[in-house]
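Fold and contact review
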Amino acid sequence: YSLWLKFTSCMKSCNKYDLWDEYCKKYTGYNKKKNLQIYESCKKIPFNFLCNTVLGMAKKKYYKNDTQDLTECVKMWNNTKVINTKELNFPLSTLETYDVTVIQSNTGTGKTSTTAKLLKEYIDKHDEYKILSIVNLINLSKQQAITFNKYGDIRLKSYQEETNPSILLNNHSVICIDSLYKLAEFDFKNTILYMDEVSTITNSLTHKDNMKHQRVIFHTLQKIIRECHKVIVTDAHIYDNTAILLYPKLEQKCKIIHYKNNYSRFQDVKATKYYDKNQLFEKLKYNVLNNIPFSFASDVKGQLTKWYDLLYSMASPEVQEKMLLYTKDTTTELKENWDGYMIFYSPKITCGVDISIVSENTEQFVYITGSSVDSIGIYQMSTRTRTMSGMHYID
């Protein structure tokens, strides 16, 4: 049984489910449902580990993984343009010239709004194409719909409001990566693919434990990338795994441009570190009692909710109406105008949501435990407040 588990892990690593299942059927007591549960729960290990360590074969490669070699992918990534600008702005010729546009730029520099404007220009000229935006979080899909409507006058139909996949693809639309399997059977030659926060999407494909239909989702995404008319990806951080993800397009010898913006919007913002959580709480309390807007992020929902409840009980009825809580257990709607609000949010809001509070002294508070979100996630959470004048944090 122990050897079978190792074999199962290796076959999962190679994406050879059908071959593995065929092998399992040869044994008495075969249970497809139970086997599938075990298959899904197994961690991936290299196939060569089975050959070399478990079976004692000579130490050489017996299996070449289907994933393309990183060096090969990076070689195709041969057109990087370094820029330094506070507000992004690209001409229509960018989409006219390039098949793949990669925009790497720090938070708060207008990646999504700039993309919306650029796509509006393009589809006005080429109305046969439809936009398909793929995101990692439901909140990001809602914010993206707001941003595209505001800056590009583009109405993105959400997969949550339209359950018919064919209707979804015949309109400009946004869909969460978890639901992508619904589009597996469609043609994407008239699709312009947009992936915002692409690093979180690639991370979801490999590290999201509760993702169902993972193999179908991965192959559907690869199909979309390979068949679509244009690809645009944006993120504050672009890693080599983005090149691997885009390989189905890159191998077509398409034209690619990678913009790398070195401007940091928050480089002059003063950050104050607290070593006593009570001092941080007192600062929050002062703002609540004096009706001063702020944003407070924590990577742990329990800590966030505890302080929200305490501060809510101290606040006046007028201030209570301005206190917004965002966790996986709340249904609070995102705002188009955040002016005057006090926003409390867990990793439900990690990226893509712009909290712009019209105030000269908008402060950002961050409570870091390091137990649920990685360093990039913390960075994303702490820079949601675009108008921040100062940051207060504890870790």
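1. Structural notes on a nonpolar patch on the surface
Side chains of Leu289, Leu310 and Met314 sit close together on the surface and give an oily, nonpolar patch of about 250 Å² of accessible area. Structurally, Leu310 is set in helix H15 (residues 301-314). Accessibility expressed as a relative area gives 38% for Leu310, which makes it partly exposed.

2. Section: the sheet that holds strand E11 (residues 323-326)
Ordered by their spatial adjacency, six strands build an open sheet running E9-E14-E13-E10-E12-E11, and the pairing between neighbours is parallel. Here the strands that pair on one side only, and so sit at the sheet edges, are strand E9 (270-273) and E11. Here the average twist between neighbouring strands, direction ignored, is 15 degrees. Pairing of E11 with strand E12 (residues 342-345) involves four bridges; the strand directions are parallel. Bridge pairing in E12 places Leu324 opposite Ile343. With respect to the sheet, helix H14 (residues 277-289) is in contact with strand E10 (294-298), E12, strand E13 (362-367) and strand E14 (388-394), its orientation differing from that of E13 by roughly 145 degrees. Of the strands in this sheet, E10, E12, E13 and E14 are in contact with helix H17 (residues 375-382), which crosses E13 at around 155 degrees.

3. Quick look at helix H7 (residues 111-125)
The terminal C-alpha atoms of H7 lie 22 Å apart, and with 15 residues this matches the ideal 21 Å at 1.5 Å per residue to within 8%. When H7 is considered as a whole, its buried residues turn out to be Lys111, Thr112, Ser113, Thr114, Thr115, Ala116, Leu118, Leu119, Tyr122 and Ile123. Summarising the contacts, the buried residues of H7 are in contact with helix H6 (93-97), strand E2 (100-104), strand E3 (130-135), helix H8 (138-152), strand E6 (191-196) and strand E7 (230-235).

4. Here's the deal with the pattern of salt bridges
Counted under the stated rule, the structure contains nine salt bridges. For Lys120, the salt bridge identified is with Asp124, shortest N-O distance 3.4 Å. On the criterion of helical spacing, the pair formed by Lys120 and Asp124 is a turn pair, its members being four residues apart in helix H7. A relative accessible area of 24% means that Lys120 is categorised as partly exposed. Given a relative accessible area of 52%, Asp124 falls into the exposed group. For Asp329, the salt bridge is made with Lys301, and the minimal N-O distance between the two is 2.5 Å. A residue pair is termed long-range when its members are at least 10 positions apart, and Asp329 in the loop between E11 and E12 and Lys301 in helix H15 qualify at 28 residues. A residue is classified by how much of its surface remains accessible, and Asp329, at 55% relative accessible area, is exposed. Judged by its relative accessible area of 31%, Lys301 is partly exposed. It is possible to trace a salt-bridge network through shared partners that takes in Asp21, Lys25 and Lys32.

5. Overview of unusual backbone geometry
Residue His213 is not a glycine yet carries a positive backbone phi of 55 degrees. Take His213: it is sitting in the loop between helix H10 (198-207) and helix H11 (214-227). On the accessibility criterion, His213 (41% relative accessible area) is partly exposed. A positive phi angle, close to 55 degrees, is found at Asn291, a residue other than glycine. Turning to its location among the elements, Asn291 is positioned in the loop between H14 and E10. With a relative accessible area of 27%, Asn291 lands in the partly exposed category.

The rules behind these values
Residues numbered from 1 in each chain as written. Predicted model: local features only at pLDDT ≥ 70, side-chain atom pairs only at ≥ 80, totals over all residues. Heavy atoms only, no water. Patch = residues over 30% accessible without salt bridge, like charges linked within 9 Å, V, L, I, M, F, W, Y side chains within 5 Å. Areas by Shrake-Rupley, 256 points an atom, 1.4 Å probe, with all protein chains shown as cover. Salt bridge = Lys/Arg side-chain N within 4 Å of Asp/Glu carboxyl O. Helix = DSSP H or I, 4+ residues; strand = E, 2+ residues; numbered from the N terminus. Buried < 20%, exposed > 50% of the residue type's maximum accessible area, 1.4 Å probe, protein only. Pairing = 2+ DSSP bridges. Axes fitted to C-alpha atoms, helices over the stretch in contact; angles between N-to-C directions. Contact = heavy atoms within 4.5 Å. Expected span 1.5 Å × (residues − 1).

Taken by themselves, the reported measurements are silent on function.
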